[in-house]
Amino acid sequence: MRPAQALIDLEALRHNYRLARQLGGGKALAIIKADAYGHGAVTCARALQDEADGFGVACIEEALELRQAGIRGPILLMEGFFDAAELPLIVEHDLWTVVSSSWQLEAVEAFRTDATLRIWLKLDSGMHRLGLSPDQFRDAHARLSALPTVGPLVMMSHLARADELDSNRTREQLDVFQHAIAGLAGETSLCNSPALLGWPDVRSDWVRPGLMLYGADPLYPQPSPHAAQLRPVMTLQSRVIAVRELGVGEPLGYGARFIAQRPTRVGVVAMGYADGYPQFAPNGTPVLIDGVPGQLIGRVSMDMLTIDLTDHPQAGHGSIVQLWGNAPTISELAPRCNTSAYRLPCSLKRTPRVYLSE
């Protein structure tokens, strides 16, 4: 069988969740949207269900997948419902929902049910994506609080630049949020992963760890005293399937992006951009070869990539090549490849997951 694998360390996932909850000082909603950032939503939810205060997903389809798999804890629809026809499903499956638009507010007011809706009311504090303006927010809070079908509200917003520690935008958004919620009843939710790691004085009743849950540092390369405590959840690895010898001046792969400057021993690895590895990873991108630091050479192909084995005389056919994990980390790798740590694990469509520490 093809040796490409993504190893998922579920104990590391639990460790990162506990760290996020400790840093937040309250309750933590584990964000497992987009198939848990490519790590497998159902398996990750099962690994966390005995201790997570709840889960965050993007849409009702993701929530129903979890419910059908037996996940019984709170599940929040982070984008809310896309049509009023989803409200009966929200009640049937005991889901929580964000309300961030006037039409959603009107749909809740028109919905008839004997159940109690759990609503997170979203303020646009300055990201200008989803959320109600401060004036709309206070009016919506009053209208929802007056409904017998709506339980205690959670008041939330989202920080746009918390991963930039030298930006004033986070404090500006915090001021807008605090002013908008002043005197209103309900819990709060403001902190995402970078806020938890980089802004210790910005806190809320509920925190929403996403990227940090999977062991990636959203503040990299800025120093963060807590990022070193994160443990990578995914290790992407494969094996050398062939070894080639190049003479001086010989090109390698598509476009001759690498030309040997010395007699070069090349390892061909069963991993390519169809597996989710960055297509435009440059020459010199770090890898581990049987646990020893090495580097990629040549252009990444659809199903294969090539590494330099010249200084690895003991490596050869069958050698294990680690593409990311504890080294290189996703946070280190992503900027080298002109992509983001959010995108890399989500790109692994073909690579099978192997779950550890279940």
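Residues numbered from 1 in each chain as written. Predicted model: local features only at pLDDT ≥ 70, side-chain atom pairs only at ≥ 80, totals over all residues. Heavy atoms only, no water.

*Asks:* What is the right way to read the overall build of the protein chain from this model?
*Replies:* On a plain count of helices and strands, the protein chain comes out with 11 helices and 18 strands. Dimensions of the protein chain, computed from C-alpha atoms along their principal axes, come out at roughly 80 × 45 × 35 Å. Here the protein chain holds 358 residues, and 53% of them are scored as buried. Counting 32 positive and 38 negative side-chain charges, the protein chain places the averaged centre of each group 4 Å from the other. (Helix = DSSP H or I, 4+ residues; strand = E, 2+ residues; numbered from the N terminus. Buried < 20%, exposed > 50% of the residue type's maximum accessible area, 1.4 Å probe, protein only. Lys, Arg positive; Asp, Glu negative; His and termini not counted. Charge placed at Lys NZ, Arg CZ, Asp CG, Glu CD.)

*Asks:* Help me out: how do you make sense of the UniProt feature "modified residue: N6-(pyridoxal phosphate)lysine" (unreviewed entry) in the protein chain in this one?
*Replies:* Under the feature "modified residue: N6-(pyridoxal phosphate)lysine" (unreviewed entry), the UniProt entry names Lys33. Examined against the element boundaries, Lys33 turns out to sit in helix H2 (residues 33-38). (UniProt positions renumbered as here; feature names shortened; annotations may be inferred.)

*Asks:* Whenever I open this one, the side chain of Glu62 confuses me. Can you help?
*Replies:* When you line up the elements, Glu62 lands in helix H4 (residues 60-68). Within the buried core, Glu62 has no salt-bridge partner, and the shortest N-O distance to an opposite charge, that of Lys33, equals 7.9 Å. Within the structure, the side chain of Glu62 is placed 3.0 Å from the backbone nitrogen of Ala34, a separation counted as a polar contact. In this view, Glu62 contacts Lys33, Ala34, Asp35 and Val57; residues no more than four positions away in its chain are not counted. (Salt bridge = Lys/Arg side-chain N within 4 Å of Asp/Glu carboxyl O. Polar contact = N/O pair within 3.5 Å; in protein donor to acceptor, adjacent residues only side chain to side chain. Contact = heavy atoms within 4.5 Å.)

*Asks:* Explanation requested: the environment of Gln178 in the structure shown.
*Replies:* Within the secondary structure layout, Gln178 lies in helix H8 (residues 169-181). Taking C-alpha positions, Gln178 is 9.6 Å from Ser125, a pair spaced 53 residues apart along the chain.

*Asks:* Would you explain the side chain of Asn16 in this entry?
*Replies:* The residue Asn16 is located in helix H1 (residues 10-24) in this model. Among the polar contacts listed, one links the side chain of Asn16 to the backbone oxygen of Arg231, at a separation of 2.8 Å. Asn16 has contacts with Met212, Leu213, Tyr214, Gly215, Gln229, Leu230, Arg231 and Val233, leaving out every residue within four places of it along the chain.

*Asks:* I'm lost on the environment of His317 in this one. Help?
*Replies:* Relative to the helices and strands, His317 is located in the loop between strand E16 (305-308) and strand E17 (320-324). The class for His317 is exposed, based on a relative accessible area of 67%. Spatially, the C-alpha atoms of His317 and Val269 are 9.3 Å apart, while their sequence positions differ by 48 residues.

*Asks:* Got a minute to help me understand the packing of helix H7 (residues 134-145) against H8 in this structure?
*Replies:* Packed helix pairs are specified by the crossing angle of their axes together with the interaxial distance, meaning the distance between the axes. As a packed pair, H7 and H8 sit with axes 9 Å apart at the nearest point and diverge in direction by 35 degrees. Relative to H8, H7 is oriented so that their crossing is right-handed. Facing Pro134, Phe137 and Arg138 of H7, the residues of H8 in contact are Val176, His179, Ala180 and Ile181. Partitioned by chemical class, the residues of the contact of H7 with H8 number five nonpolar, one polar and one charged. (Axes fitted to C-alpha atoms, helices over the stretch in contact; angles between N-to-C directions. Left-handed = near helix turned anticlockwise from the far one by under 90°. Nonpolar A, V, L, I, M, F, W, Y, C, P; charged D, E, K, R; others polar.)

*Asks:* Mind showing me how you'd approach the pattern of salt bridges here?
*Replies:* Between side chains of opposite charge, pairing is possible as soon as their charged atoms come close. Applying the stated criterion to the full structure yields 16 salt bridges. One salt bridge connects Glu11 with Arg18, and the closest N-O pair in it is separated by 3.3 Å. Residue Arg18 is classed as partly exposed on the basis of its relative accessible area, which comes to 38%. A salt bridge links Asp311 to Arg262; the nearest nitrogen and oxygen atoms lie 3.1 Å apart. Taken together, the residues Asp311 in the loop between E16 and E17 and Arg262 in the loop between strand E12 (258-259) and strand E13 (264-269) connect sequence positions 49 residues apart. Where salt bridges share partners, they join Arg2, Asp275, Asp303 and Arg350 into one cluster.

*Asks:* What's the story with the state of the cysteines in this structure? I'm lost.
*Replies:* Going through the model one piece at a time under the given rule, you end up with zero disulfides. With no disulfide of its own, Cys59 has Cys346 as its nearest cysteine by sulfur position, at a separation of 13 Å. On the basis of relative accessibility, which here comes to 18%, the residue Cys59 falls in the buried class. (Disulfide = S-S within 2.5 Å.)

*Asks:* How should the layout of surface pockets be read in this particular structure?
*Replies:* Any space left empty among the atoms is revealed by the rolling of a water-sized probe across them. Approximately 580 Å³ is the volume attributed to the largest pocket. Lys33, Tyr37, Arg129, His158 and Asn192 are the residues nearest the centre of the largest pocket, which is lined by 26 residues in total. Secondary structure elements with two or more residues in the lining of the largest pocket: H2 and helix H9 (193-198). Here the lining of the largest pocket gets three residues from one element, more than from any other, and that element is H2. In terms of residue class, the lining of the largest pocket is made up of 15 nonpolar, four polar and seven charged. (1 Å grid on protein atoms, 1.4 Å probe; cavity = no way out; pocket = protein on both sides within 12 Å on 5 of 7 lines; lining within 4 Å. Points joined across faces, edges and corners; volume = space filled by probe spheres on them.)

*Asks:* Help me out: how do you make sense of the UniProt feature "active site" (unreviewed entry) in the protein chain in this one?
*Replies:* UniProt annotation of "active site" (unreviewed entry) refers to Lys33 and Tyr254 when read in the numbering used here. What stands out for the annotated residues spanning 222 residues is how far apart their C-alpha atoms range, the widest pair being 35.8 Å apart. Looking only at the residues we just named, the largest pocket is lined by Lys33. A residue is classified by how much of its surface remains accessible, and Lys33, at 33% relative accessible area, is partly exposed. Not counting chain neighbours up to four residues away, the residues in contact with Lys33 comprise Gly56, Val57, Ala58 and Glu62. Of note, Tyr254 is situated in the loop between strand E11 (251-252) and E12. Not counting the four nearest positions on each side in its chain, Tyr254 is found in contact with Arg299 and Ser301.

*Asks:* In this structure, what is going on with the packing of aromatic side chains? I would like to understand it.
*Replies:* The description of an aromatic ring pair rests on the distance of the ring centres and on the angle between the ring planes. On inspection of all chains with the given rule, the structure shows seven aromatic pairs. With 6.5 Å between their ring centres and 15 degrees between their planes, Tyr277 and Trp324 make a pair best called stacked. Taken together, the residues Tyr277 in the loop between E13 and strand E14 (286-289) and Trp324 in strand E17 connect sequence positions 47 residues apart. We note that Tyr277, like Trp324, is buried. Among the aromatic residues, those joined into a cluster by ring pairs are Tyr37, Tyr214 and Tyr342. Geometry around Trp96 places Arg118 over its ring, the cationic atom sitting 4.5 Å from the centre. (Phe/Tyr/Trp six-rings, centres within 6.5 Å; stacked < 30°, edge-to-face > 60°. Lys NZ or Arg CZ within 6 Å of the ring centre and 35° of its normal.)

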